[in-house]
Amino acid sequence: AANLSAYAGNADRYPEGSQVPYYVAALYAWHADTAAANQWLEKAISLGYRDYRWISVDPQLEQIRNTSRYRGITGTLRDTWSGMRENALREALQE
């Protein structure tokens, strides 16, 4: 996890939509640092990473999948994703 400190020390430098925080979350999960992995997953989502389906099956996140924090993060993201999907379907039907 020592090599991850370069990323952790500069968490605010990632622009919106950057996937780097997601990859850092995956690396922390792989190192079994669940607190840091969940923190970086939240950061990734706050910067616009919204691939709920991949997050829910990504084998790199297996170490954190059973944490309550992960379930809370993905539950909120799932609700957002479902709402966006419903809006898109509704708009498509109106065209």
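All of these numbers come straight from a predicted model, not from anything done at the bench. (Residues numbered from 1 in each chain as written. Predicted model: local features only at pLDDT ≥ 70, side-chain atom pairs only at ≥ 80, totals over all residues. Heavy atoms only, no water.)

Trainee: I keep staring at the overall build of the chain and nothing clicks. Help me out?
Mentor: Along the backbone of the chain there are five helices and zero strands. Taken across its 95 residues, the chain has 33% of its residues classed as buried. Contacts in the chain between residues at least 24 apart in sequence constitute 58% of all its contacts with a sequence separation of at least 6. A total accessible area of about 6100 Å² is found for the chain, and carbon and sulfur atoms account for 49% of it. (Helix = DSSP H or I, 4+ residues; strand = E, 2+ residues; numbered from the N terminus. Buried < 20%, exposed > 50% of the residue type's maximum accessible area, 1.4 Å probe, protein only. Contact = heavy atoms within 4.5 Å. Areas by Shrake-Rupley, 256 points an atom, 1.4 Å probe, with all protein chains shown as cover.)

Trainee: Teacher, can you tell me more about the pattern of salt bridges here?
Mentor: Where side chains of opposite charge bring their charged atoms close, a pairing between them can arise. For the coordinates displayed, the defined rule picks out three salt bridges. For arginine 65, the salt bridge is made with glutamate 62, and the minimal N-O distance between the two is 2.7 Å. With a relative accessible area of 15%, arginine 65 lands in the buried category. Given a relative accessible area of 47%, glutamate 62 falls into the partly exposed group. (Salt bridge = Lys/Arg side-chain N within 4 Å of Asp/Glu carboxyl O.)

Trainee: Would you mind showing me how to read the side chain of asparagine 38 here?
Mentor: Along the chain, asparagine 38 turns up in helix 3 (residues 34-46). Of the polar contacts made by the side chain of asparagine 38, one reaches the side chain of threonine 67; its length is 3.2 Å. Contacts of asparagine 38, omitting those with residues within four sequence positions, involve Ile64, Thr67, Arg69, Tyr70 and Ile73. (Polar contact = N/O pair within 3.5 Å; in protein donor to acceptor, adjacent residues only side chain to side chain.)

Trainee: I would appreciate a short explanation of helix 2 (residues 20-30) in the present structure.
Mentor: Residue pairs three or four apart in sequence face the same way in an α-helix, which turns once every 3.6 residues. Listing the buried residues of helix 2 in full gives Pro21, Tyr22, Val24, Ala25, Ala26, Tyr28 and Ala29. At the exit of helix 2 stands alanine 32, carrying a positive phi of roughly 65°.

Trainee: I'm lost on the packing of helix 3 against helix 5 (residues 68-94) in this one. Help?
Mentor: Relative orientation and spacing of two packed helices are given, respectively, by the angle between their axes and the distance between those axes. It is the contact of helix 3 with helix 5, at a shortest axis distance of 10 Å, that shows an interaxial angle of 15°. With respect to their mutual orientation, helix 3 and helix 5 come out roughly parallel. Like other packed secondary-structure pairs, helix 3 and helix 5 cross with a definite hand, here left-handed. In contact with Ala35, Asn38, Gln39, Leu41, Glu42 and Ile45 of helix 3, helix 5 contributes Arg69, Tyr70, Ile73 and Leu77. By residue class, the composition of the contact of helix 3 with helix 5 is six nonpolar, two polar and two charged. (Axes fitted to C-alpha atoms, helices over the stretch in contact; angles between N-to-C directions. Parallel < 35°, antiparallel > 145°, perpendicular 65-115°, else oblique. Left-handed = near helix turned anticlockwise from the far one by under 90°. Nonpolar A, V, L, I, M, F, W, Y, C, P; charged D, E, K, R; others polar.)

In short, the description is geometric, and any link to function would need to be established separately.
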